[in-house]
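# Summary of the model geometry
Each chain, letter by letter, is given below.
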Amino acid sequence: MGFDRNQLIESLCNGIQNEATVAYYLLLDNRFRVSSGYLGAEFQETVDSGLNHMHPSEPLSPALGHRMTGYMDYQGLTQLGLRGQSPAERKWALGLQSRAHPREIMTEVLKALQELNVCWKKIGHYNMKCRWIPGIPGHLEGMVNNAVHSSHYFGDESSIIENDGIIKSPNVIKFELQLYKTPEEKYLLDLQRVQGPQFVFLDLCATFLTQLRVL
Amino acid sequence: MNNNQYGQVHDEVTVMGFEVPRSPDSSYNNVYPGSEDEARDPPVAPPHLQNTLLSHPASRENSGSLPLPQNVILNHLCIENREAPRSVVALGFTHRFHSKYVTVVLYKPVPRRGS
């Protein structure tokens, strides 16, 4: 990785924290998946703060957001603390889960999409097809409080071509969302990319989750 | 080829009778579902959707090989479980590029909400 071996050993022995030692510990933890050490410290911290957040006491979040967060809290805790599993084995789950009423979920989801200038149409039962074009004025850049994000990320929209009055952009994102019912009396919102660059889609999803207040 | 909604891949073949229906921009009407639309429960979640490669356990030997993903999970969004309040969100999905499969993950800081 380009670090000086002797310097690294010296830093490690002296307990100095620098780029080299951080890299070393991260690699070490990744290789052995221990629950102590560099990542272990993080684990302890998050369990402590996590326990405080199990109690429903956030008056500011809307009902749906709170319920979704509540579920994800629970799942995170059982993975990290109560079941004694290795914290480095972070689990990934498909989509978003919620215990709210399906109609309520759809309303909140579509409202969040509308606020982000995402268009949709119904294509099936609890099934929408959505479309979004980055860089449209009055849009995402204004919503997200991040000047750096808007200045260079979406870059050059001079590639938008007008064709018979229809604006085409090579970065148009299309995705489908489908709400499912799970066996555990919960509902699962599944998002599937249909078209568009991978990272633009993921970034849109991150913004969507923020807008939905589940983060 | 330009109308192929699923294509960024140029070797897509269209099969007679299986063409992708046209989806003009104007068809996106932003209609909120009415009460009669959602009288029934949503469909039951298919169990195989949960089989994301992202949750595949890492082997100690670091052999570097993963099983092939099932077609059904491709392009479906996965979210990493993290403790709340999270400062970073990790999102990912697996997609196909020609004959290979690529899993992409985005780590993004969560914007802090003002009181």
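Taking an unreviewed UniProt entry as the reference, chain B is identified by name as Association with the SNF1 complex (ASC) domain-containing protein belonging to Rubroshorea leprosula. Per UniProt, the comment on chain B under Sequence similarities (unreviewed entry) is "Belongs to the 5'-AMP-activated protein kinase beta subunit family."

If you check an unreviewed UniProt entry, chain A appears there as non-specific serine/threonine protein kinase from Rubroshorea leprosula. Turning to chain A, the UniProt annotation filed under Sequence similarities (unreviewed entry) states: "Belongs to the protein kinase superfamily. CAMK Ser/Thr protein kinase family. SNF1 subfamily."

In terms of regular secondary structure, chain B is built from 0 helices and 3 strands. Burial statistics for chain B: of 115 residues in total, 33% are counted as buried. Considering only contacts in chain B between residues 6 or more positions apart, those separated by 24 or more positions represent 26%. Roughly 7,700 Å² of accessible area belongs to chain B as shown, and the carbon and sulfur atoms make up 54% of that amount.

Right, let's talk about the pairing of strand E4 (residues 127–132) of chain A for a bit. Residues and elements named next belong to chain A. Along E4, 6 of the 6 residues are buried, which leaves the element largely enclosed by surrounding structure. Neither face of E4 is open: one carries Asn127, Lys129 and Arg131, the other Met128, Cys130 and Trp132, and all of them are buried. As judged from the 5 bridges shared by strand E3 (residues 119–124) and E4, these two strands associate in the antiparallel manner. Its bridge partner being in E4, Lys122 is matched across the sheet by Met128. As consecutive antiparallel partners, E3 and E4 are separated by 2 residues, and within that stretch Tyr126 has a phi angle of approximately 55°, a positive value. Both E4 and strand E7 (residues 173–181) contribute to a ladder of 6 bridges, which runs antiparallel. Note on E7: the bridge partner recorded for Arg131 is Lys174.

As a further point, take the sheet that holds strand E2 (residues 88–97) of chain B. The strand order across the open sheet built from 4 strands is E1(A)-E1(B)-E2(B)-E3(B), with neighbouring strands paired in antiparallel fashion. Pairing within the sheet leaves two strands with one partner each, and these edge strands are strand E1 (92–94) of chain A together with strand E3 (100–109) of chain B. Neighbour to neighbour, the strand axes of the sheet diverge by 30° on average, direction disregarded. With 3 bridges connecting them, E1(A) and strand E1 (residues 78–80) of chain B associate as antiparallel partners. Its bridge partner being in E1(B), Ala93(A) is matched across the sheet by Ile79(B).

What follows concerns the pattern of salt bridges. Residues and elements named next belong to chain A. Per the counting criterion, the structure on display carries 5 salt bridges over all chains. Salt-bridge contacts for Glu185 lead to Lys181; the nearest nitrogen and oxygen are separated by 3.9 Å. Accessibility expressed as a relative area gives 55% for Glu185, which makes it exposed. Residue classification places Lys181 among the buried positions, given a relative accessible area of 17%.

Time to look at a nonpolar patch on the surface. On the surface, Met1(A), Phe3(A) and Leu27(A) cluster together into a nonpolar patch covering about 360 Å² of accessible area. Note that Leu27(A) resides in helix H2 (residues 19–32).

Here we take up the side chain of Ser11(A). Secondary-structure assignment places Ser11(A) in helix H1 (residues 5–13). On the basis of relative accessible area, Ser11(A) is assigned to the buried category, the value being 9%.

Let us now look at the side chain of His95(B). Mapped onto the elements, His95(B) comes out in strand E2. Look at His95(B) and you get buried, because its relative accessible area is 6%. A polar contact is formed between the side chain of His95(B) and the side chain of Gln198(A), at a distance of 3.1 Å. Not counting residues within four places of it along the chain, the set of residues in contact with His95(B) comprises Arg193(A), Gln198(A), Leu74(B), Asn75(B), Lys100(B), Tyr101(B), Val102(B) and Val104(B).

Another point: the sheet that holds strand E8 (residues 187–195) of chain A. Strand pairing in a sheet takes place through backbone hydrogen bonds and is either antiparallel or parallel in direction. Residue and element names in this part refer to chain A. An order of E2-E8-E7-E4-E3 is seen for the 5 strands of this open sheet, with the pairing classed as antiparallel. Sheet topology places strand E2 (96–98) and E3 at the edges, where each strand pairs with a single neighbour. Along the sheet, successive strands turn relative to each other by an average axial angle of 25°, direction set aside. Helix H5 (residues 102–115) contacts E2, E3, E4, E7 and E8 of the sheet and is inclined by roughly 165° relative to E7. Sitting on the sheet, helix H8 (residues 198–211) touches E2, E4, E7 and E8, and the angle it makes with E8 is about 150°.

Reading the values: the criteria
Residues numbered from 1 in each chain as written. Chains lettered and ligands numbered in written order. Predicted model: local features only at pLDDT ≥ 70, side-chain atom pairs only at ≥ 80, totals over all residues. Heavy atoms only, no water. UniProt positions renumbered as here; feature names shortened; annotations may be inferred. Helix = DSSP H or I, 4+ residues; strand = E, 2+ residues; numbered from the N terminus. Buried < 20%, exposed > 50% of the residue type's maximum accessible area, 1.4 Å probe, protein only. Contact = heavy atoms within 4.5 Å. Areas by Shrake-Rupley, 256 points an atom, 1.4 Å probe, with all protein chains shown as cover. Pairing = 2+ DSSP bridges. Axes fitted to C-alpha atoms, helices over the stretch in contact; angles between N-to-C directions. Salt bridge = Lys/Arg side-chain N within 4 Å of Asp/Glu carboxyl O. Patch = residues over 30% accessible without salt bridge, like charges linked within 9 Å, V, L, I, M, F, W, Y side chains within 5 Å. Polar contact = N/O pair within 3.5 Å; in protein donor to acceptor, adjacent residues only side chain to side chain.

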